[in-house]
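What follows is the residue order along each chain.
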Amino acid sequence: MPAAVAVAVVAGCVSAPGASEVSGNQAAQPTAEAVSTDAESMTLQIQRFSVKLTSTNLAAINRSDTDLVIIDPTGVDRRDVERLRTQPDGSRRAVVAYINIGEAETYRDYWRSEWNSNPPSWVGPANPNWANHFYTAYWTSEWQAILFGTPRAKLDRILAAGFDGVFMDGVDKYMDWPGRGARAQSDMYALVERIASYARARTPGFLIIPNNAENLLDSARYRSTIDAIVKEDLFFGVPGEGQPNDPGMVSWSLRQLRLATNDGLPVLVIEYVTDPGQRSLVVQRLRENRMLGTFGRSDLASLTLPVLADANAVNQLRSLPKAE
């Protein structure tokens, strides 16, 4: 690991060492550069990203100078999304909705009470690490009908609310179906492509941002389908909170994620560390690998603290829906 470097916390962001940009509340120029590409979509250069998945406080997001924010769409309507799309300095913000494509969550409105004792065939084993989460047979038409295809489906409601894209959790859950062999992976590829095609046919430029499962980046077709990838616990946290990850695991993940950055796809890293020294190390590694980062608690109940992108970071989204 490289030597620790100082991290400056200024106006709600962590500045990467060597970054020259002033804080968002003081900046004279917008930090997110939006460039029109056609009549229906645009590109966006992101310097900061944040996540907030529970107890959504839209006012806190509105006040922030984050260029891309990932939120839970529950209770968020089209007017909310339109307000969130504009940062305090007037620049464009990408507003991305959480969706779990590999697990059923018993606290969602699609879950029926009778399934607690008599679940349908597409509901698999419980996730031992997250209460009220069950693996789903994601390749089945029954589960996919909950995800998209009708006005009440999860993705369709996200589209109707005007979100710019989806943060797809549960993509890595194909690995929890070992009995399906190679088909488990190919079925996940197919589901991601199906969701992307469906969404972009209705909202050109709609963002597809999977969470983890960086081994899927081996596929050039997959990399051409997605717009960025989120990686949690890249450097710390797998052995336990605040614990450094095995160097071999980190090296493997970095090799895989480099497939994304080499293709011009932003890599968005979420680290759940509070120690200043550990945060310094993360910032240094982000700089070395041209990635973006944010720090938060594991429950993501509060808006995470973004790391200001280094000048060499891969940070341009190649498409984005135009704001209405």
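Basis of the calculations
- Residues numbered from 1 in each chain as written.
- Predicted model: local features only at pLDDT ≥ 70, side-chain atom pairs only at ≥ 80, totals over all residues.
- Heavy atoms only, no water.
- Helix = DSSP H or I, 4+ residues; strand = E, 2+ residues; numbered from the N terminus.
- Expected span 1.5 Å × (residues − 1).
- Buried < 20%, exposed > 50% of the residue type's maximum accessible area, 1.4 Å probe, protein only.
- Contact = heavy atoms within 4.5 Å.
- Pairing = 2+ DSSP bridges.
- Right-handed = clockwise from strand over helix to strand, strands pointing away.
- Axes fitted to C-alpha atoms, helices over the stretch in contact; angles between N-to-C directions.
- Polar contact = N/O pair within 3.5 Å; in protein donor to acceptor, adjacent residues only side chain to side chain.
- Core = buried A, V, L, I, M, F, W, Y, C linked by side-chain atoms within 4.5 Å.

### Section: helix α5 (residues 182-202)
Between its first and last C-alpha atoms α5 spans 31 Å; for 21 residues at 1.5 Å apiece the expected length is 30 Å, and the two agree. Within α5, burial applies to Ala184, Asp187, Met188, Tyr189, Leu191, Val192, Ile195, Ala196, Tyr198 and Ala199. Next to the buried residues of α5 lie α3 (141-147), α4 (154-160), β11 (165-169), β12 (207-210) and α6 (220-225).

### What about the pairing of strand β15 (residues 292-295)?
Of the two faces of β15, the one carrying Leu292 and Thr294 and the one carrying Gly293 and Phe295 are both buried. Two strands pair when backbone bridges link them, and strand β14 (residues 267-271) and β15 are joined in this way by four bridges, in the parallel orientation. Residue pairing for β15: Val269 is matched across the bridge by Gly293. Between the parallel pair β14 and β15, the chain is carried across by helix α8 (residues 276-288), and the sense of this crossover is right-handed. As defined by bridge partners, β15 adjoins strand β16 (residues 305-308) across three bridges and the pair is classed as antiparallel. Of the residues in β16, the one forming a bridge with Gly293 is Val307.

### Observations regarding the sheet that holds strand β10 (residues 133-136)
Spatially, the three strands line up as an open sheet ordered β8-β10-β9, and their pairing is antiparallel. If you trace the sheet from one side to the other, it starts and ends with β8 (103-105) and β9 (123-126), each paired once. Averaged over all pairs of adjacent strands, the angle between their axes in this sheet comes to 40°, without regard to strand direction.

### Here's the deal with the environment of His133
Relative to the helices and strands, His133 is located in strand β10. Owing to a relative accessible area of 7%, His133 belongs among the buried residues under this scheme. His133 sits 33 residues away from Asn100 along the chain, and the two C-alpha atoms are 10.0 Å apart. Ignoring sequence-local partners within four residues, the contact set of His133 consists of Asn100, Glu103, Ala104, Glu105, Tyr107, Ala126 and Asn127. Of note is the side chain of His133, whose polar atom sits 2.8 Å from the side chain of Tyr107.

### Some details on the nonpolar core
Considering soluble globular proteins, one finds that nonpolar side chains tend to be buried as a cluster. Within the largest apolar cluster, 68 residues are counted, with the highest numbers of intra-cluster contacts made by Ile101, Leu155, Phe163, Met168, Met188, Ile195 and Ile208. If you tally residues by element for this core, the top one is α5, at nine residues. If you look at the next biggest cluster of nonpolar residues, it comprises 25 residues, including Leu44, Leu53, Leu292 and Leu300.

### What about the side chain of Asn212?
By the element assignment, Asn212 lies in the loop between β12 and α6. Excluding residues within four positions of it along the chain, Asn212 makes contact with Asp172, Ile229, Val230, Lys231 and Glu232.

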